[in-house]
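# Observations on chain architecture
The residues making up each chain are set out below.
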Amino acid sequence: MDNARKPLRIGILGAARIAPSAIIFPAQATGHQLVAVGARDKSRATEFAKQYQIEKAYGSYQEVIADPNVDVIYNALHNGAHAPWNIKALAAGKHVLSEKPSASNAAEAKEVAAAVSKSGKVFMEGFHYYYHPVFQRLLAIVKSGEIGEVIKVESSLIIPMPDKSDLRLQFDLAGGSMMDVGCYALHSQRMISQLIANGEPSIVKTESNAPDGKIDTKLNMQLKYPNGVSGLAKGDFESPAMQAPLTVTGSKGSVHLPNFVVSGWDPRVIVDIAGKKRVEHLPSISTYTYQLMAFADAVDLGRAFKTDAKDALAQATLIDSAYLASNLPLRPSFKL
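The following refers to the structure shown. (Residues numbered from 1 in each chain as written. Predicted model: local features only at pLDDT ≥ 70, side-chain atom pairs only at ≥ 80, totals over all residues. Heavy atoms only, no water.)

Our focus in this paragraph is the layout of surface pockets. When its volume is computed, the largest pocket comes out at roughly 1,300 Å³. As for the largest pocket, its lining consists of 42 residues, and the residues nearest its centre are A16, R17, I18, A76 and R168. Only α4 (82-91), α7 (177-197) and α8 (287-301) provide two or more residues apiece to the lining of the largest pocket. Examining the composition of the lining of the largest pocket, we find that three residues originate from one element, α7, more than from any other. Residue composition of the lining of the largest pocket, grouped by class: 23 nonpolar, 10 polar and nine charged. (1 Å grid on protein atoms, 1.4 Å probe; cavity = no way out; pocket = protein on both sides within 12 Å on 5 of 7 lines; lining within 4 Å. Points joined across faces, edges and corners; volume = space filled by probe spheres on them. Helix = DSSP H or I, 4+ residues; strand = E, 2+ residues; numbered from the N terminus. Nonpolar A, V, L, I, M, F, W, Y, C, P; charged D, E, K, R; others polar.)

A few words on empty space enclosed by the protein. Overall, the coordinates contain one cavity of 30 Å³ or more when judged by the stated rule. One number sums up the size of the largest cavity: a volume of about 60 Å³. Together, P101, S102, A103, S104, N105, A109, E125, M179, A312, A316, I319 and D320 line the largest cavity. When residues of the lining of the largest cavity are assigned to their parent elements, the largest contribution, four residues, is made by helix α9 (residues 309-325). The class makeup of the residues in the lining of the largest cavity is seven nonpolar, three polar and two charged.

With that settled, the discussion passes to the environment of V248. Along the polypeptide, V248 turns up in strand β11 (residues 246-250). The exposure class of V248 is buried, given its relative accessible area of 0%. Counting along the chain gives 119 residues from V248 to Y129, while the straight-line C-alpha distance between them is 16 Å. V248 has contacts with L138, V142, I147, V150, K152, V153, I192, G253, S254 and V255, leaving out every residue within four places of it along the chain. (Buried < 20%, exposed > 50% of the residue type's maximum accessible area, 1.4 Å probe, protein only. Contact = heavy atoms within 4.5 Å.)

The next point concerns the sheet that holds strand β5 (residues 95-98). Read from one edge to the other, the open sheet built from six strands follows the order β3-β2-β1-β4-β5-β6, with strand pairing classed as parallel. Since the sheet does not close on itself, it has two edges, and those belong to β3 (56-58) and β6 (123-125), each with one partner. Averaged over all pairs of adjacent strands, the angle between strand axes in this sheet comes to 20 degrees, irrespective of strand direction. (Pairing = 2+ DSSP bridges. Axes fitted to C-alpha atoms, helices over the stretch in contact; angles between N-to-C directions.)

Another point: the sheet that holds strand β10 (residues 230-236). What the eight strands build is an open sheet, ordered β8-β9-β10-β7-β11-β12-β13-β14; its pairing is mixed. If you trace the sheet from one side to the other, it starts and ends with β8 (202-209) and β14 (276-281), each paired once. The sheet shows a mean angle of 10 degrees between the axes of neighbouring strands, direction not considered. By the bridge criterion, six bridges tie strand β13 (residues 268-273) to β14 in an arrangement that is antiparallel. The residue of β14 that forms the bridge with D272 is K277. Where helix α6 (residues 133-144) meets the sheet, its contacts fall on β7 (150-158), β11, β12 (253-257), β13 and β14, and the angle it forms with β12 comes to roughly 170 degrees.

Pasting the structure below:
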């Protein structure tokens, strides 16, 4: 009997700037097949396919989904187009790896979850940081009790302001700093809350900037875990440089990740117990590569994974709460 696993045959929606680091290089590193890319501008797709050794280029997203040689859709479109195209891909019998946030709001996330259960296909929301040994090591240290009882958790992803024309600053396309960067800070808090408090955190209060009353350039969240632990999750477009620190402070010490989001860039885990510091160095392999490995294990072996449709719905629900707490409108659903 042949136990060799077949490579995933991947189709990419959108010739997007995130695609090389998020799917192309990881697929090449792990032996998967890049079958097709689709963009609204066929010449752009052709150029992209040539640059990254992708077999076929299409002038529409639908053609990628309809290609019988594609089993997996990677959705790299703008936030607003995530849920509608995720649903179309699932309905076409494809597995889906979606960029985060995989829906514009909780109502859409619910529709995606229904489409996933109807299709029986693997659906993953791309919170890639979770699959890296750096974040897994943080969870193991917290769980071991080495830092004592957890008192507070602080997480941030802050970056410089995107260009004015950037899609991430367009309300109609579900833009905003929360959707782009704050969602990581929030997701990591949820993972830690589930571990230490066996449930989801809730929003206590927020601090936000939204000059136009819709697009948040900053949205910081004060959180409370079911066991009373306090969390602070920060996301903004107002910083001079990209930073993504995460610190869990306990009664005996702390564990700190200098960059929890792109851990491959700085794979240190810094543990400080009563003033005695140690630094653990983990693999500098890309977070996206670990994510793709987990995705392939789910497709091939039926292995369970964390960032599924159910998790995506819980995440979207909390994002909606953060917007409501900030007196900002929920991100609108996008009609194709």
